[in-house]
Amino acid sequence: MPFVVSGLIGLCLTLVLMPPLIWVAQRVGLLDNPGQRKVHVQPIPVCGGIAMAAGAFLTLLPWWPLQGALEAYALGALILIAVGVRDDYKSLHYRWRLLWQVAAAWLVAGSGVVFRALPLLPEAVLPAWLAFAATVVFIVAVTNPVSS
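Below, the structure is looked at part by part. (Residues numbered from 1 in each chain as written. Predicted model: local features only at pLDDT ≥ 70, side-chain atom pairs only at ≥ 80, totals over all residues. Heavy atoms only, no water.)

1. Observations regarding the environment of Arg27
This is how the line gets drawn: Only DSSP runs of H or I covering at least 4 residues are called helices, and only runs of E covering at least 2 are called strands; the numbering of each starts at the N terminus. Three labels apply to residues, based on accessible area from a 1.4 Å probe with only protein chains included: buried if under 20% of the type maximum, exposed if over 50%, partly exposed otherwise in between.
When you line up the elements, Arg27 lands in helix α1 (residues 2–28). You can call Arg27 exposed: its relative accessible area is 51%. Taking the C-alpha atoms as reference points, Arg27 and Gly110, separated by 83 residues in sequence, lie 40 Å from one another.

2. Concerning the packing of aromatic side chains
What counts here: Here a Phe, Tyr or Trp ring, Trp counted by its six-membered ring, pairs with any other such ring whose centre lies within 6.5 Å, and the pair is stacked when the planes are under 30 degrees apart, edge-to-face when over 60, and tilted otherwise.
Applying the stated criterion across every chain yields a total of 1 aromatic pair. For the pair Trp106 and Phe132, a centre-to-centre distance of 4.9 Å together with 80° between the ring planes defines the contact as edge-to-face. Pair noted here: Trp106 is in helix α4 (residues 94–110) and Phe132 is in helix α5 (residues 128–147), with a separation of 26 residues, a long-range link.

3. Describing the side chain of Thr14
Threshold: The criterion used for residue contact is that any of the two residues' heavy atoms lie within 4.5 Å.
Turning to its location among the elements, Thr14 is positioned in helix α1. Judged by its relative accessible area of 13%, Thr14 falls in the buried class. Not counting residues up to four positions away in its chain, the partners in contact with Thr14 are Ala51, Met52 and Gly55.

4. Here we look at the layout of surface pockets
The condition that has to hold: In this analysis, the protein atoms alone were mapped onto a 1 Å grid. Cavities are point sets where a 1.4 Å probe fits without being able to get out; pockets are open sets with protein on both sides within 12 Å along at least five of seven lines; lining residues have an atom within 4 Å of a point. Grid points are joined across faces, edges and corners, and a volume is the space filled by probe spheres set on the points. Lys, Arg, Asp and Glu make up the charged group, whereas Ala, Val, Leu, Ile, Met, Phe, Trp, Tyr, Cys and Pro make up the nonpolar group; the residues left over, Gly among them, are polar.
What the second largest pocket holds in volume is close to 170 Å³. Forming the walls of the second largest pocket are 13 residues, and the residues nearest its centre are Ser6, Ala56, Thr59, Leu60 and Tyr73. Counting residues per element, the ones that place at least two in the lining of the second largest pocket are α1, α2 (48–58) and α3 (68–89). Among the elements that take part in the lining of the second largest pocket, α1 stands out by supplying 6 residues, more than any other. Per-class residue counts for the lining of the second largest pocket are 7 nonpolar, 6 polar and no charged.

5. Brief notes about the packing of α2 against α3
Quick reminder of the rule: A fitted line through C-alpha atoms serves as each axis, taken over the contacting stretch for helices, and the angle formed by two N-to-C directions is quoted from 0 to 180°. Reported orientations rely on four angle classes, namely roughly parallel under 35 degrees, roughly antiparallel over 145, roughly perpendicular from 65 to 115, and oblique for the rest. Left-handed describes a crossing whose near helix is turned anticlockwise from the far helix through less than a right angle; right-handed describes the clockwise counterpart.
With their axes 11 Å apart at the nearest point, α2 and α3 run at an angle of 165° to one another. Looking at the two axes, α2 sits roughly antiparallel to α3. Where α2 crosses over α3, the two elements pack in a sense that is left-handed. Here Ile50, Ala53, Ala56 and Phe57 of α2 come into contact with α3, specifically with Tyr73, Ala74, Ala77, Leu78, Ile81 and Val85. Within the contact of α2 with α3, the residues separate by chemical class into 10 nonpolar, no polar and no charged.

6. Observations concerning the packing of α3 against α4
The contact between α3 and α4 brings their axes to 8 Å, and the two run at 170°. Relative to α4, the element α3 is oriented roughly antiparallel. Residue-level contacts link Ala72, Tyr73, Leu75, Gly76, Ile79, Leu80, Val83 and Asp87 of α3 to Arg97, Trp100, Gln101, Ala104, Leu107 and Val108 of α4. For the contact of α3 with α4, a count of residues per class yields 10 nonpolar, 2 polar and 2 charged.

7. As for the side chain of Thr135
Test applied: Distance and chemistry together define a polar contact, namely a pair of N or O atoms within 3.5 Å, with one atom able to donate a hydrogen and the other to accept it when in protein, and with adjacent residues in sequence counting only for side-chain atoms on both sides.
Note on placement: Thr135 falls in helix α5. A relative accessible area of 4% means that Thr135 is categorised as buried. Among the polar contacts listed, one links the side chain of Thr135 to the backbone oxygen of Ala131, at a separation of 2.7 Å. In contact with Thr135, not counting residues within four places along its chain, are Ala109, Val113, Val114 and Phe115.

Here you go:
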């Protein structure tokens, strides 16, 4: 239950932080401009990740100091945030983004946070190496659409 409450608080914080961050992003020119691979036709502020990160990290404060899996999650998330902000500011080559995404996922999976079974086959326990690999692939796969 505490994680549900933390998640709801994080969501509310994110929603509250979005308007001021949009205002700041527009003033300092932190915008994603329309282009060949873009679906938008007007510049849009690129600050959603910062608001989401702030909401997520502020909800970790009750568990400070972080240890074990929470520490690995926080460090992995910080890597992804730093890469995302850098990519928003000045576009990163996809290989560098992918390298950092894999590094962050590797860190989290290396802390022991891994898929022990697959959702469609919950009774089948994965060997450690496959659980590790599946977790890294999953984290990179769900991170990529958000950061691309």
